[in-house]
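So the chains spell out like this:
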Amino acid sequence: MRIFASRPALRVLAPLAVVLVVAGTGLVASTASAEKKLPTRTPQELLVDLQQAKTEGLSGTVVERADLGIPAIPGANGQDDAELTSLVSGTHTLRVRYSAPDKARLAVLGTYSEYDIIRNGKDVWTWSSKDNAATHRTLTADQAGQPGSTPSGTPRTPEEAANSVLKALEPSTTVTSDSSVVVAGRPAYELVLDPNDSNSLISQARIAIDGDTKLPLRVQVFGTDNKIVFEVAYTSVDFTRPDDSEFAFNPPPGAKVTEIQPSDQTPSAQDRKQGEEARKATAVVGTGWTAVAVTKVDDLSNRQSDQQLKAFLDKLPPVHGSWGSGRLLAGTAFSAVWTDDGRLAVGAVRPDLIYQALNR
């Protein structure tokens with residue numbers, strides 16, 4: 001279901017994925033004690049369950065809420081906007097459909113509009129009702145998910161992978177499990193991650209796992225005041241295969257349709273070179289939940305495609321210190337600084353720890 005292209009305006013925000021690696025967004029799902037408690041399962045068993053979980057299909061409604069302290073992005077109108085860029089703040093409702101192995105549909109519902117992403121085999125469509133516009137592209141064999149070789153260093157069994165995850169988490173995280181929640185009317189386990197570092201702005205993360213299918217039903221991330229800052233959950237879900245008609249898309253009369261050519265889908269040699277240079281230029285200061293990633297970012301001043309992002313950065317307060325000067329985004333679960341000399345530092349920590357990392 002990885003069919004979603006990144007939005008240009010959010011490209012520089014991509015490092016937040018490092019900070020909120022277990023995170024999703026939004027919730028109105030019920031949480032209560034289960035009438036019949038599920039059999040006890042250890043954190044290792046739940047990690048194995050997550051790796052082995054699969055379904056032939058599902059239909060569901062997801063309610064998403066993000067309270068990350070991110071200012072409104074110019075051009076994205078909060079919960080009234082059905083664009084994907086609006087999901088970084090506010091509350092949103094999404095409809096999800098999936099049919100194995102290659103059919104998926106996501107609809108982001110705005111107050112007066114809808115934004116859809118549809119994959120039907122090799123065909124991928126996007127549709128904006130607000131703009132009465134659609135895009136279409138045909139996936140290549142590689143993009144469509146052809147099987148590839150498995151690196152020799154990867155875990156050979158789910159249990160081995162689970163042990164590796166727990167080993168990586170344990171130095172900085174207490175991992176426990178519970179089986180007393182109900183999400184979308186379904187009894188579920190919870191995998192609970194508690195950071196062992198008071199300097200982290202994230203106090204806890206919880207993953208609710210369906211007691212039957214073992215698929216994730218909800219993800220929650222809590223800030224330092226135990227307030228949910230980033231959350232996503234099913235409010236209803238049916239684990240049966242939807243009809244194929246759910247994934248058929250025909251642009252309505254008068255719609256503007258843009259055909260994306262295969263040459264536009266393949267990264268150029270220059271793009272690949274820039275990506276490799278950016279990877280090499282990224283440094284991680286610290287470890288665990290208080291790690292700060294510092295990387296070089298593009299100069300936005302001469303890039304018309306990034307003017308929306310530049311307008312967003314201009315709204316942030318200026319800051320300066322021995323590390324230089326820049327713009328600060330102090331969120332509820334992370335801090336980020338874009339420096340005037342072209343660096344981005346981001347971590348789930350207070351701004352003073354970001355400044356320390358920039359001085360390294």
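All residue numbers refer to position in the chain's written sequence, counted from 1. Reporting in this predicted model follows two pLDDT cut-offs: at least 70 for local features of residues, and 80 or more for side-chain atom pairs to be given and counted; totals over whole chains, interfaces and linings ignore these cut-offs and use all residues. As a rule here, side-chain values come from all non-hydrogen atoms in the structure, and water together with hydrogens is ignored.

Caption draft 1: Quick peek at the nonpolar core. Remark: nonpolar core denotes a set of buried residues (Ala, Val, Leu, Ile, Met, Phe, Trp, Tyr, Cys) joined through side-chain atoms within 4.5 Å. Remark: exposure states derive from per-residue accessible area (1.4 Å probe, protein chains only) relative to the maximum for the residue type, with buried under 20%, exposed over 50%, and partly exposed in between. In terms of nonpolar packing, the biggest core is built from 36 residues, with Leu68, Ile70, Leu191, Leu329, Phe334, Ala336 and Trp338 touching the most fellow members. Secondary structure elements are taken from DSSP: a helix is a run of H or I of four residues or more, a strand is a run of E of two residues or more, and numbering for both begins at the N terminus. Broken down by element, the residue count for this core peaks at 4 residues, all from strand S9 (residues 202-210). Listed in part, the 23 residues of the second largest apolar core include Ala53, Tyr98, Leu106 and Val108.

Caption draft 2: Spotlight on the environment of Pro71. One can find Pro71 in the loop between strand S1 (57-66) and strand S2 (90-99). For Pro71, a relative accessible area of 25% corresponds to the partly exposed category. Sequence separation between Pro71 and Leu313 is 242 residues, and the spatial gap between their C-alpha atoms is 9.6 Å. What Pro71 contacts, discounting residues up to four positions off in sequence, is Phe312, Lys315, Leu316 and Leu329. Note on contacts: a residue pair is in contact if any heavy atoms of the two residues lie within 4.5 Å.

Caption draft 3: Focus on the pairing of strand S11 (residues 228-238). Pairs of strands are assigned from DSSP output, requiring at least two bridges between the strands. Where S1 meets S11, 8 bridges bridge the pair, whose relative direction is antiparallel. Counterpart to Thr61 in the pairing with S11 is Ser236. Relative to S11, strand S10 (residues 216-223) runs antiparallel, the two being bridged by 5 bridges. Bridging across to S11, Phe222 finds its partner in Ile228. Between S10 and the antiparallel strand that follows it, S11, lie 4 residues; Asn226 among them carries a positive phi value of about 60°.

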